[in-house]
Amino acid sequence: MMSAITQTIATPTEAVPMSRTTIRRTDLRARGEPALWSLGGALALGVIMIIGFLVLVFANGIVTFIPKPLAVVTETDGTVTAGEPFRSELYKPSPEIIASLSPEWRERVKAENGYVSRTLYRTGNFDIYGEDFRWVPAFQAAKIEHPKNLSFFERMEWGPFVGTVKSFKVGGAEQAFTSLSDPKFIQVHDESRARAEEIRAIERGKIGHINHELETERLDLRKVELEHGRNSAEYKAAQDRLTARAAELQVDYDKFSAEVQKLREMNAGNTLTLAEVGGREKTIEFSALVRAYAANDLSLLQTLGVYFSRWGEFLADEPREANTEGGVFPAIFGTFAMTLLMVIVVAPFGIITALYLREYAKQGKLVSFVRISVNNLAGVPSIVYGVFGLGFFAYVLGGSIDALFYPERLPNPTFGTGGLMWASLTLALLTVPVVIVATEEALAAVPRSMREGSLACGASKWQTIRYIVLPRAMPGILTGVILAMARGAGEVAPLMLVGVVKLAPELPVDGLFPFVHLERSFMHLGFHIFDVGFQSRNAEAGKPMVFVTTVLLIALVTFVNATAIIVRNRLKKKFAGSQF
Amino acid sequence: MNMETAVAPRPDHAFESTVYHVRAGGSGSVLEIKDLSLFYGPAQALYTVNMTVEKGLVTALIGPSGCGKSTLLRCINRMNDLVDAVKITGQITLNGEDIYARAADVIALRKRMGMVFQKPNPFPMSIFENVVYPLRVDGVRDKTVLEETCERALKGSALWNEVKDRLDQSALGMSGGQQQRLCIARAIAADPEVLLMDEPCSALDPIATAKIEDLINELAGQYTVVIVTHNMQQAARVSDNTAFMYLGRLIEYGDTEVMFQTPKCGRTQDYVTGRFG
């Protein structure tokens, strides 16, 4: 550069192009700036969409359980409506309605181009009104009040009740009601609830055991019948055994049902009479009351109390009211159990397949074909797997298992219908391509030098794979398993065919032999979302539950994945510092 | 072994036959290579190589890139078996035993040889486990045997004093030179009959290289070493015999001093004096 300048000065007549001395900037396109912008833009768009989605779901999910204030609306025609304001929207009333309005309102509606706002109130009291929700147009609401004594009662049946406590009885004796936080009231409520729990425990546990045993005995008899025929001596003996055992069990049963009866009678004496705003009354047992709170008179602490008690119920209890109320514990358990079982199946299966494909199979046309087929499997719509799972696993495999091992239960299917095991196997099949592809790549990434080093030490091929290749490829393999798990936990469509049901209070794991019941149908969070949001009688009431359940499903998948990622990173750290 | 008929050298590769002036080690030969030819698919990489490796001496293989010296080394412990479409004719015997015999057990054979590679390739395990790996895969469980072997091998590779306090730490945390000496320790742990080294210093800095060279000198006498190297000074410094290869042929094989001072072949002279290569 310097010499060029000196030359130019020294011999000005010489034609030295000026561009030599000026610094030319590199072309934007050559630098790849536009590409960089579009790449960054695409990433930003993706991140914004994900964040937006999470914010939407979490914002809706987290506020669902906050107790909302109750309003009493006196309408122009004298009707009184009490309930939680649920949401508001603009709507276009029909011309007749507009014509019937006061001139003032007619002007307002006209100014808004014929639109007027209306509010949806969650009135509850389904047993009295025959509806849960009520729209009140703005022009009809003459007066809106928030009375302090108006309370929200969550019940075991019929949905919530909005109203006031008229009176309550303990052991049939009338008591003076002061407030919901009256210690006596709370004590009676707690006692009744505890008794209801006890009844349930006896029915589920002790009486459940008796029924289970009786059923087992009956199946044994049927087995004897199938083996030896109805007229055989064995059948007679088994029949006598069953009769004797049934008599014994009947004694136990009577004892337990008497216990239950006693508890029921005690609970029947503890009732409270509720009144809705119109004055109509309804008497319920304390045991049927989940919780009650004076919605407009809550301290911050009480609000939090209601909020967290609802979360607790949601996480630990069973659903009620067609899944729109109560908890989702069976669904959490079902999702978790199914995902775990799927991983137990898919991980070894996928890894073994990939090991053979990559390490042992002779690389040729056949292996290429298998590899392409595996990759294509990942693109098959999941519902197809569901159909396959039902047709092959449940009907063919399950049907054969039933015919071989459970002939006494036929025609009732045991394994011959959808269940936890078939659902897990179906999902394992669905996710196995992910594991195979990831494992193959991880195996291919193990440096050749390491394999040669091991072989040169006199290790066999299997020893090399076992001690050198597999540990080294493990982080990559686990990445594949994590991806498979994430996909499997979020899948719903095929599950509807192979074992997920709307309501399955019996968990796949319980205290009855053989303790793990892989043949049972189960609940799943993903399906629960679908069911509550779109299949329930009361779609409006289910909507908030959709968000809460979504939050929970995201949290569960995140938790499972995070655990797997931590395990993988531990492994990775072990191999850090490698020079290759 | 039935010797397959060696493919005749192509006319454009016609060379004068190999010149031998091997210095004898006094205890006979360990390896005998007879008429060894190797094909990668249609391409021939080795042309009827004949040589013996003297017991207890260091034999260097030198030659320009692609001359087949690494291929020859990898024939000795049958590492070329891993390559697809490789065809080998001729014979190699290890202490009289044909390693390409149909009945030969490759795994047992490799246990009798140690190999050190170009780049250090410690396994992702502890230093101890790295060294005793050949014994582990051989099924040795006895803890005292393993510990004694580890100490002996690490002392043999002059690494003991540096790592004796951190045997249970990952081998991947060591420096490149240490890693390579660890690989040498691993290679000598099972007391091999031959130690094969494939350019063991090419990925190392000069100081680490000097240490490895010292180590090779120490190992000489105790072990028979065959070393492939690009570095002619290194061959001159560490070896007793040197084989010069060119285009898949063994050109000259003999006493290192003679090879570097008064080579018998013109090509060798050209190569060792740096006129080509």
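As the structure is a computational prediction, the values presented were derived from the model and not from experiment.

1. Let's talk about the overall build of chain B
Broken down by element type, chain B carries 10 helices and 11 strands. The C-alpha atoms of chain B give 19 Å as radius of gyration, which agrees with the globular expectation for 277 residues (19 Å, within 12%). Its C-alpha atoms give chain B principal-axis dimensions of about 60 × 45 × 35 Å. Counting across all 277 residues of chain B, residues that qualify as buried make up 54%.

2. As for the packing of aromatic side chains
All names here are of chain A. Tallying each qualifying case throughout the model produces 27 aromatic pairs over all chains. Here the aromatic rings of phenylalanine 185 and phenylalanine 286 are separated by 5.2 Å at their centres, their planes lie at 65 degrees, and the arrangement is edge-to-face. In this pair, phenylalanine 185 sits in helix H7 (residues 183-228) while phenylalanine 286 sits in the loop between strand E10 (281-285) and strand E11 (289-293), placing the two residues 101 residues apart along the sequence. Per residue, the accessibility class of phenylalanine 185 equals that of phenylalanine 286, and both read buried. Relative to phenylalanine 314, the ring of tryptophan 311 has its centre 5.7 Å away and its plane inclined at 85 degrees; by these criteria the two rings are edge-to-face. Of the two residues, tryptophan 311 and phenylalanine 314 both sit in helix H9 (residues 300-316), 3 residues apart, roughly one turn of that helix. Since its relative accessible area comes to 16%, tryptophan 311 is described here as buried.

3. Considerations on the environment of phenylalanine 168 of chain A
Residue and element names in this part refer to chain A. Relative to the helices and strands, phenylalanine 168 resides in strand E7 (residues 161-170). Taking the relative accessible area as the measure of exposure, phenylalanine 168 reaches 1% and is therefore buried. The spatial distance from the C-alpha of phenylalanine 168 to the C-alpha of alanine 295 is 20 Å, given a sequence separation of 127 residues.

4. Regarding the sheet that holds strand E4 (residues 133-137) of chain A
Each strand in a sheet pairs with its neighbour through backbone hydrogen bonds, running either in the same direction (parallel) or in the opposite one (antiparallel). Residue and element names in this part refer to chain A. Strand order in this open sheet of 5 strands is E4-E3-E2-E1-E5, and the pairing throughout is antiparallel. Each edge of the open sheet is held by one strand with a lone partner, namely E4 and strand E5 (141-145). Between one strand axis and the next, the sheet turns by 40 degrees as a mean value, whatever way the strands run. In this sheet, strand E3 (residues 116-122) lies alongside strand E2 (residues 80-91) in antiparallel orientation, the contact comprising 7 bridges. Residue pairing in the sheet places arginine 87 in a bridge with leucine 120 of E3.

5. Section: the domain arrangement of chain A
All names here are of chain A. Split by domain assignment, chain A resolves into domain 1 (71-146), domain 2 (163-298) and domain 3 (330-574). Computed over C-alpha atoms, the centres of domain 1 and domain 3 are 51 Å apart. Counting from both sides, the interface comprises 7 residues of domain 1 and, opposite them, 6 residues of domain 3. Taken over both partners, the interface formed by domain 1 and domain 3 buries close to 450 Å², and the fraction arising from carbon and sulfur atoms is 52%. Its largest share of buried area at the contact with domain 3, domain 1 owes to Phe86, Arg87 and Phe133, together 61% of the area lost on that side. Summed over the shared surface of domain 1 and domain 3, the result is 0 salt bridges. Linking domain 1 to domain 3 there are 0 residue pairs in polar contact (both at pLDDT 80 or more). Those elements giving two or more residues to the side of domain 1 that touches domain 3 turn out to be E2 and E3.

6. A few points about the interface of chain A and chain B
With 24 residues of chain A in contact, the opposing surface of chain B contributes 26 residues. Roughly 2000 Å² of surface becomes buried between chain A and chain B when both sides are summed, with 64% attributable to carbon and sulfur atoms. Among the ionic pairs, glutamate 452 of chain A bridges to arginine 74 of chain B, the shortest N-O distance being 2.6 Å. One can count 4 residue pairs in polar contact (both at pLDDT 80 or more) joining chain A with chain B. Those elements that provide at least two residues to the side of chain A that touches chain B are helix H14 (448-456) and helix H15 (461-490) of chain A. No other element matches the 8 residues that H14 of chain A contributes to the side of chain A that touches chain B. Considered class by class, the residues forming the side of chain A that touches chain B number 10 nonpolar, 10 polar and 4 charged.

7. Some details on the state of the cysteines
Tallied over the full model, the rule gives 0 disulfides over all chains. Looking at the unpaired cysteine 457 of chain A, the closest cysteine sulfur is the one in cysteine 183 of chain B, lying at 8.5 Å. For cysteine 183 of chain B, a relative accessible area of 1% corresponds to the buried category.

Each value, and the rule that gives it
Residues numbered from 1 in each chain as written. Chains lettered and ligands numbered in written order. Predicted model: local features only at pLDDT ≥ 70, side-chain atom pairs only at ≥ 80, totals over all residues. Heavy atoms only, no water. Helix = DSSP H or I, 4+ residues; strand = E, 2+ residues; numbered from the N terminus. Rg over C-alpha atoms; globule rule 2.2 N^0.38 Å. Buried < 20%, exposed > 50% of the residue type's maximum accessible area, 1.4 Å probe, protein only. Phe/Tyr/Trp six-rings, centres within 6.5 Å; stacked < 30°, edge-to-face > 60°. Pairing = 2+ DSSP bridges. Axes fitted to C-alpha atoms, helices over the stretch in contact; angles between N-to-C directions. Domains from an automatic or database assignment. Contact = heavy atoms within 4.5 Å. Buried area = accessible area lost by both parts, 1.4 Å probe. Salt bridge = Lys/Arg side-chain N within 4 Å of Asp/Glu carboxyl O. Polar contact = N/O pair within 3.5 Å; in protein donor to acceptor, adjacent residues only side chain to side chain. Nonpolar A, V, L, I, M, F, W, Y, C, P; charged D, E, K, R; others polar. Disulfide = S-S within 2.5 Å.

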